[in-house]
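Chains, contacts and geometry: an overview
The chain contents come next:
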Amino acid sequence: MNAQVETFEFQAEVRQLLQLVIHSIYSNKDAFLRELVSNASDALDKLRLESFRDKDLAVDTEDLHIAVDLDADARTLTVRDNGIGMSREEVVQLIGTIAKSGTAEFLKQLKDAKDAAGAQELIGQFGVGFYASFMVADQVTLVTRRAGEDTGTKWESGGAGTYTIEAVADAPQGTSVTLHLKPADADEQTADYTSSWKVREIVKRYSDFITWPIRMEKQRSEEGAEGAAPEVETVNSMKALWARPKEETTEAELTEFYKHVAHDWAEPLETIRLRAEGTFEYQALLFIPSHAPLDLFMRDGKRGVQLYVKRVFIMDDCESLLPEYLRFVKGVVDAQDLSLNVSRETLQQDRQIQLIRKRLVKKILATVKDLQANDGEKYAKFWGEFGKAVKEGLVADPDNRDAVLEICSFGSTADAEKQTTLREYVERMKDGQQDIYFMTGDSRAVIENSPHLEAFQAKGFEVLVLTDPIDEMWVDAVTEFDGKQLKSIAKGEVELDADDDSGTDREERAKDFAGLLGWMGEHLGESVKEVRLSSRLTTSPACVVGDTHDLAPNLEKMYRAMGHEVPKVKRILELNPGHPLVTGLRKAHEERPDEAGLGETAELLLGMAVLAEGGDLTDPAKFIRVLADRLERTL
Ligand code: ADP
Ligand code: MG
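With that settled, the discussion passes to the domain arrangement of the protein chain. Parsing the protein chain into structural domains produces domain 1 (6–216), domain 2 (248–382), domain 3 (409–488) and domain 4 (503–634). Listed by partner, the interface residues are 30 residues for domain 1 and 23 residues for domain 2. For the pair domain 1 and domain 2, the summed buried area comes to about 2200 Å², and 58% of that belongs to carbon and sulfur atoms. Of all residues in domain 1, Arg34, Ser101 and Phe209 bury the most surface against domain 2, accounting for 24% of the area lost on that side. Put simply, domain 1 and domain 2 have 1 salt bridge between them. For Arg34, the salt bridge identified is with Glu256, shortest N-O distance 3.5 Å.

Another aspect to go through is the pattern of salt bridges. Under the counting rule described, the total for this entry stands at 50 salt bridges. Residues Lys259 and Glu256 are paired through a salt bridge, measuring 3.7 Å at the closest nitrogen-oxygen approach. Of this pair, Lys259 and Glu256 both sit in helix α7 (residues 251–262), 3 residues apart, roughly one helical turn. For Arg344, the salt bridge goes to Glu319, with nearest N and O atoms at 2.9 Å. Here Arg344, found in helix α8 (residues 344–349), pairs with Glu319, found in the loop between β13 (312–318) and β14 (330–335); they are 25 residues apart in sequence, far enough to count as distant. Through salt bridges with shared partners, a single network forms among Asp30, Lys198, Glu201 and Arg205.

Now for the packing of helix α10 (residues 376–396) against helix α15 (residues 469–477). Between α10 and α15, whose axes approach to 8 Å, the crossing angle comes to 30°. By the angle between their axes, α10 is roughly parallel relative to α15. The two elements α10 and α15 meet at a crossing, and its hand is left-handed. On α15, the residues that touch Lys388, Lys391, Glu392, Leu394 and Val395 of α10 are Ile470, Asp471, Met473, Trp474 and Ala477. Looking at the contact of α10 with α15, its residues break down into 6 nonpolar, no polar and 4 charged.

Time to look at the environment of Ala284. The topology assignment puts Ala284 in strand β11 (residues 282–289). You can call Ala284 buried: its relative accessible area is 3%. Separated by 50 residues in the primary sequence, Ala284 and Asp334 have C-alpha atoms spaced 6.2 Å apart. The residues touching Ala284, leaving out its near neighbours within four places in the chain, are Ile272, Arg273, Leu274, Val332, Val333 and Leu360.

Conventions used here
- Residues numbered from 1 in each chain as written.
- Chains lettered and ligands numbered in written order.
- Predicted model: local features only at pLDDT ≥ 70, side-chain atom pairs only at ≥ 80, totals over all residues.
- Heavy atoms only, no water.
- Domains from an automatic or database assignment.
- Contact = heavy atoms within 4.5 Å.
- Buried area = accessible area lost by both parts, 1.4 Å probe.
- Salt bridge = Lys/Arg side-chain N within 4 Å of Asp/Glu carboxyl O.
- Helix = DSSP H or I, 4+ residues; strand = E, 2+ residues; numbered from the N terminus.
- Axes fitted to C-alpha atoms, helices over the stretch in contact; angles between N-to-C directions.
- Parallel < 35°, antiparallel > 145°, perpendicular 65-115°, else oblique.
- Left-handed = near helix turned anticlockwise from the far one by under 90°.
- Nonpolar A, V, L, I, M, F, W, Y, C, P; charged D, E, K, R; others polar.
- Buried < 20%, exposed > 50% of the residue type's maximum accessible area, 1.4 Å probe, protein only.

See below:
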């Protein structure tokens, strides 16, 4: 067969990534072997599953295994599997491009990384998978044939801009990856990967739990007579880690297992085990990663854990096992009593899966609660990475709302540097304070400077500072914690001044201002719902607030940005009866009700109140014209 060699260019992102890998900013180069073995193991899982699903698939599944071959003279290391293999198109797609969402963002961060340590940490968070080969090799040859296809494909690259592809007639089923190792002395950090002893040690350290046999030739020195067939042995113990009792697994093993299932290079933050025995048996080994994946908030982001049935891999990213707000949790669930035939669709309805899911959720929430109580630093890390996702659970999982609420932390006026739990907030509540107060907004600065906060600050009442977009959503769903109401300080009526302001005073004041309020309401007409006196202001003349059940302005904006038709929510204008601008306006209105400038002053007051909460003016040009005119007159 006259094979034709075609040359392709790597996708730009891959080129960039390879540059980094080749110039090795990652110090633990042994990781390349873990990645190749991990891919081989995945390929064997997939083949077993596919042969099970498709009885017509002509493949031999008798002796599924991984082999690691060394050739010291040629300076090559080869990792082979007889798994699912790849078609030519798949090779181009899977090896020539990066499909991971968030790659562009990652590369940008990498470019901005100030030093080598920063870049190394980022690579560690991203994980470069197959490309890790180029940390130790200057040439990589991959030969593969997809199960059920006749022709194989050979892929080859030196890691610079291009790779070649050619058809091969006699490739065995599965994939072999041959690394042409860089000269041993090129870089002092590089171990000798043609040393059987060294490679065996790496395999045992990183891949012992792989459930397929990893075979290597016995070392030459142990070999018998010249010319005898080399003896082959299995180097890994193959014990499924999740099926072993806790005492029989080490921290290091768990970490390597995590890296394999999560395709991560960093260590997990926390390990969670669960087993149920009896009529309905399953084991789960779950991990909370130490960093959020790049695709955490992407629509096509990966989610879910791996599902096994009786040690047999069934699927990746099994989204039925965990709710979406816990999509960052990685690991394995092995159920004994499920049918091997389950599909994503049937799983959703499966009662056993629903039961497992319920227990997993409870256990994960309880684990985080433990962290919160016993390891503040770890909890803070957890919350920093995953808090935004967890808060989705406040809306999405009403059954566990209280448990989710317990593990949440929020910004607060109590301490700008530190987040607080609701429990801590409640402990700090002042005598006479009935409710838990919060305000939502675009940023801490906007909230801190908003007029709504004034009276609360004057009273020393703590207010939660909620600045994530998701906060706007859950505050409508969560109305209380520990018997205390959650109240927005920018919505509804506020009664704060009961102790220093008697009822008669208030009535009198209402009478005094009735004329002004009535006139302003009329003058501002369609722009406001109501004009009333405020008890939440101390230094600002006015603020705008919503009715208790009104859509918050941010949410209104968000819905509109998403293309929903939302009627304009009219705001309530509240005036500070103690502010000279307001008392002055009242006096002017009483004395000269027909003066032309009064209407403009009312409009300016409204405009200022809107700006103070970070809102948008309906007619900014007019606002500026009137303001400029007024300023001019003061000169
Ligand atoms: P990841 O494993 O995180 O997907 P990799 O860079 O390690 O990323 O591998 C990219 C893809 O290439 C894999 O998802 C898989 O589809 C394919 N692949 C790699 N190695 C093999 C192999 N030995 N057999 C079959 N497919 C493979
Ligand atoms: Mg991989």
